[in-house]
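A structural walkthrough
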Amino acid sequence: MNTQKAHQTAIILADEERQPCEIWTRVMGYHRPMSSFNIGKKGEFHERKYFSEQGARLAA
C-alpha cells in the first residue's frame, strides 16, 4: 500500500465552464429525470421529506 498522502488542489471553474446537473428520481418503480416532470410533479418532488436511517432507529 502507498502510505503517502496525495496532494489535492482545489478546482475552480468559471460560470461559463459549468454545466447543469441532471437530477433523476425513482417514480413508480423506475428512474426518470426530473426535467421530464410536469409542474405538479416537480412541486411534489420539492415537498418530499427525507429521513436518515440513524434518526429512524433513534425514534423507534
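Preceding block: the structure.
1. As for the pairing of strand β2 (residues 30–33)
- For strand β1 (residues 24–27) and β2, the ladder comprises four bridges, and the chain directions are antiparallel. What sits directly across from R26, in β2, is H31.

2. Overview of the environment of H31
- Here H31 shows up in strand β2.
- By relative accessible area, which is 53% here, H31 ends up exposed.

3. Side note on the pattern of salt bridges
- Applying the stated criterion to the full structure yields two salt bridges.
- A salt bridge links R18 to D15; the shortest N-O distance between them is 3.8 Å. Per residue, the accessibility class of R18 equals that of D15, and both read exposed.
- With a shortest N-O distance of 3.3 Å, E44 and K41 are connected by a salt bridge. Pair noted here: E44 and K41 are both in helix α1 (residues 39–47), with a separation of three residues, about one helical turn.
- Overall, the relative accessible area of 48% leaves E44 in the partly exposed class.

The rules behind each value
- Residues numbered from 1 in each chain as written.
- Predicted model: local features only at pLDDT ≥ 70, side-chain atom pairs only at ≥ 80, totals over all residues.
- Heavy atoms only, no water.
- Pairing = 2+ DSSP bridges.
- Helix = DSSP H or I, 4+ residues; strand = E, 2+ residues; numbered from the N terminus.
- Buried < 20%, exposed > 50% of the residue type's maximum accessible area, 1.4 Å probe, protein only.
- Salt bridge = Lys/Arg side-chain N within 4 Å of Asp/Glu carboxyl O.

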